[in-house]
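Below, each chain spelled out in residue letters.
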Amino acid sequence: MNRETKDVVVLGGGISGLTVAWELKKAGVDVCLLEKSGTVGGCTRSEKRNGFLLEKGPFNVIVRDPNFETLLSDVANNTNVVSASKDAKLRYIYRNNRLHTVPTNPVAMLTTKMLSPSARLRMLRGLFLSKRSGASEDTIEQVASRRIGPEATDTIVSAAISGIFSGDIAKLSLPACFPSVAAIDADARSLIGYGLKRAFAKKNKKHTPRWRGMVSLNAGLGALTHQLGEKLGGDCIRNATVQSLRHDETGFTILYGCSGEKHALRARRVVLAVPVQEATRLLEPLLPRAAQQLSPIKSASLAVLNLAYNRSDVGHELRGFGFLVPRNEPTFPLMGVLFSNSIFPHYAPPDQHLLRVFIGGARDPGAVDLSDGQLIDRAQAGLRDILSISGKPTLTDIVRYAPAIPQYHLGHRERIAEFRKELSKLPGLFAAGNYLDGVSLNDCVRVGTRCADDVKRNLQDDIAIPNRATNLPCAVG
Ligand SMILES: Cc1cc2nc3c(=O)[nH]c(=O)nc-3n(C[C@H](O)[C@H](O)[C@H](O)COP(=O)(O)OP(=O)(O)OC[C@H]3O[C@@H](n4cnc5c(N)ncnc54)[C@H](O)[C@@H]3O)c2cc1C
């Protein structure tokens, strides 16, 4: 057993843990990260294979958060950040056996065939004028139905949300999932009026983001986490599975397994950056009331398939981002499909198309248990007619996430506030991760950066106290 004491140990090397560790290392803190897998990144991983670039988890990011911009600048230069093609703005929804363009302006809303004529009028009327919420917390479904009507909610909103949370809009809390949208809902009677005001305010804004729109990296988003792991160098221990966490008056002991051996690491501070289920398990013996807050948080499961086809075998032009499937199409076997090389052309060789197929989510939780063959058959069945595909895939890749994305159901914000209160009862213990305050990469980096700032403040407090004590006699003298 090797026993070493670090100032900070971060548990988990997904984007959340890597952000915390990198921000601390930049500030000169003695930090070490333990990651269960042989590669860092968690679900943020990419693979190059036979001329394809396969994204295993996240596919793209819109750089909204200044912390994400900083992180990206730390690891990338302008040449390896790539912007999505203009066509990627075109998105589709599957409805009644065909793909419909998502309407983005009032004329398109009035003419879209994916909604009945009365639903189109209801949606448009709601965008101009609708009731504000009187409740402190609504589900996404409640707000959307009140604003744009039930049919547009079933069709457009349910599809859009499955693309982000893979979740059920009847359970997801609007303020927890989309706090800025909840703020608009509480504030504005007219969404169109709000949109116009915002567009005008944007024009007068001084800050120009370094990267606009949807981006990725030349080598895929996995390059971001890979490079962060490289920057941590020897302070990042891979194949290290944390088994338990103990606390005594001088700090923490982390017990972990690595290459069949048991190890112990001493730390003055610990950051939990593992998925919510693992954080719950590790906290159980240490802070049972904190664990109790986390244990009801459910995660949706998901299978992600990368399927390549000869271009000559695909009848559809595949121009656009891809399509999503709404909840009022329960028999369609897929949750959504991205046209990978239409978005980022270098993801496939010129004679191939690469599709990214999502199966499962909250509507179909058992799908991740299907065998590889069953998942491929299901994908083929969903794609064949709608994209006019005649041949078999030339490449297949399957990743199962069980659990995949934490679901922010009603009460989530209060639960997390209570969790943070309980966590603060054990000074030196911190948390980061996608179950706290947003699931996107932007959110994970924002939460991770804030967590690193808290750790830095805690370190300064520790240094300040002994200094004050030793300085006191001099000051008096
Ligand atoms: C399929 C999919 C597609 C997505 N698409 C997008 C997208 O396009 N854009 C976007 O912004 N977001 C997207 N997201 C969301 C986003 O990618 C995730 O929310 C985010 O990557 C989560 O990062 P994390 O570090 O919090 O968790 P994770 O990535 O889950 O990392 C946790 C890490 O902890 C490690 N770990 C677990 N247990 C232990 C242990 N006992 N000891 C040591 N280590 C342990 C794991 O191995 C893992 O590396 C997507 C998510 C999924 C699943």
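Residues numbered from 1 in each chain as written. Predicted model: local features only at pLDDT ≥ 70, side-chain atom pairs only at ≥ 80, totals over all residues.

Our next topic: the sheet that holds strand 6 (residues 81–83). A sheet is described by the order of its strands in space; here three strands give the open sequence 5-9-6, paired in antiparallel fashion. Single-partner strands in this sheet number two, and they are strand 5 (61–62) and strand 6. Of the strand pairs in this sheet, strand 6 and strand 9 (residues 214–217) are connected by three bridges, and their pairing is antiparallel. By the bridge assignment, V81 is partnered in strand 9 with L217. (Pairing = 2+ DSSP bridges. Helix = DSSP H or I, 4+ residues; strand = E, 2+ residues; numbered from the N terminus.)

All right, on to the domain arrangement of the protein then. Where the parts come together, the accessible area they lose is often given as the size of the interface. Segmenting the protein into domains produces domain 1 (5–46 + 218–297 + 409–466), domain 2 (115–203) and domain 3 (299–406). Look at where the C-alpha atoms of domain 1 and domain 3 centre, and you get two points 33 Å apart. Counting from both sides, the interface comprises eight residues of domain 1 and, opposite them, five residues of domain 3. The class makeup of the residues in the side of domain 1 that touches domain 3 is six nonpolar, two polar and no charged. (Domains from an automatic or database assignment. Contact = placed C-beta atoms within 7 Å. Nonpolar A, V, L, I, M, F, W, Y, C, P; charged D, E, K, R; others polar.)

Let's shift gears to the sheet that holds strand 17 (residues 352–360). Strand order in the open sheet formed by seven strands is 8-7-15-16-17-14-18, with mixed pairing between adjacent strands. Across the chains shown, the open sheet's two edge strands, defined by having one partner strand only, are strand 8 (98–101) and strand 18 (395–406). Here the average twist between neighbouring strands, direction ignored, is 25°. Of the strand pairs in this sheet, strand 7 (residues 91–95) and strand 8 are connected by four bridges, and their pairing is antiparallel. Looking across to strand 8, one finds that Y92 is bridged to T101. Across the sheet, helix 6 (residues 150–162) touches strand 7, strand 15 (322–324) and strand 16 (336–339), and the angle it forms with strand 7 is around 115°. (Axes fitted to C-alpha atoms, helices over the stretch in contact; angles between N-to-C directions.)

Right, let's get into the pairing of strand 1 (residues 5–11). Of all seven residues in strand 1, five are buried, a share of seventy percent or more. Where strand 1 meets strand 2 (residues 31–34), four bridges bridge the pair, whose relative direction is parallel. Among the inter-strand pairings, V9 is bridged to a residue of strand 2, identified as C32. (Buried ≥ 20, exposed ≤ 12 C-beta atoms within 10 Å, placed from the backbone.)

Time to look at helix 11 (residues 276–283). V276, A279, T280, L282 and L283 are the residues of helix 11 that are buried. In this fold, the buried residues of helix 11 make contact with strand 11 (240–248), strand 13 (261–272), helix 12 (288–294), strand 14 (299–310), strand 18 and strand 19 (429–431).

Moving on, we come to the site of the ligand. Close to the ligand lie 36 residues; G12, G14, S16, G42 and P58 are nearest. Of all the elements in the fold, those that place two or more residues in the shell around the ligand are helix 1 (15–26), strand 11, strand 14, strand 18 and helix 16 (441–476). The class makeup of the residues in the shell around the ligand is 19 nonpolar, 14 polar and three charged. For the shell around the ligand, the two domains that each supply at least three residues are domain 1 (5–46 + 218–297 + 409–466) and domain 3 (299–406). (Near = placed C-beta within 6 Å.)

Attention now moves to the packing of helix 5 (residues 140–148) against helix 6. Where helix 5 meets helix 6, the axes come as close as 8 Å, and the angle between the chain directions of the two elements is 135°. Relative to helix 6, the element helix 5 is oriented oblique. Here helix 5 runs over helix 6; the crossing is right-handed. Note on element contacts: helix 6 touches helix 5 through P150, A152, T153, V157 and I161, opposite I140, E141, A144, S145 and I148. Residue classes in the contact of helix 5 with helix 6 are distributed as seven nonpolar, two polar and one charged. (Parallel < 35°, antiparallel > 145°, perpendicular 65-115°, else oblique. Left-handed = near helix turned anticlockwise from the far one by under 90°.)

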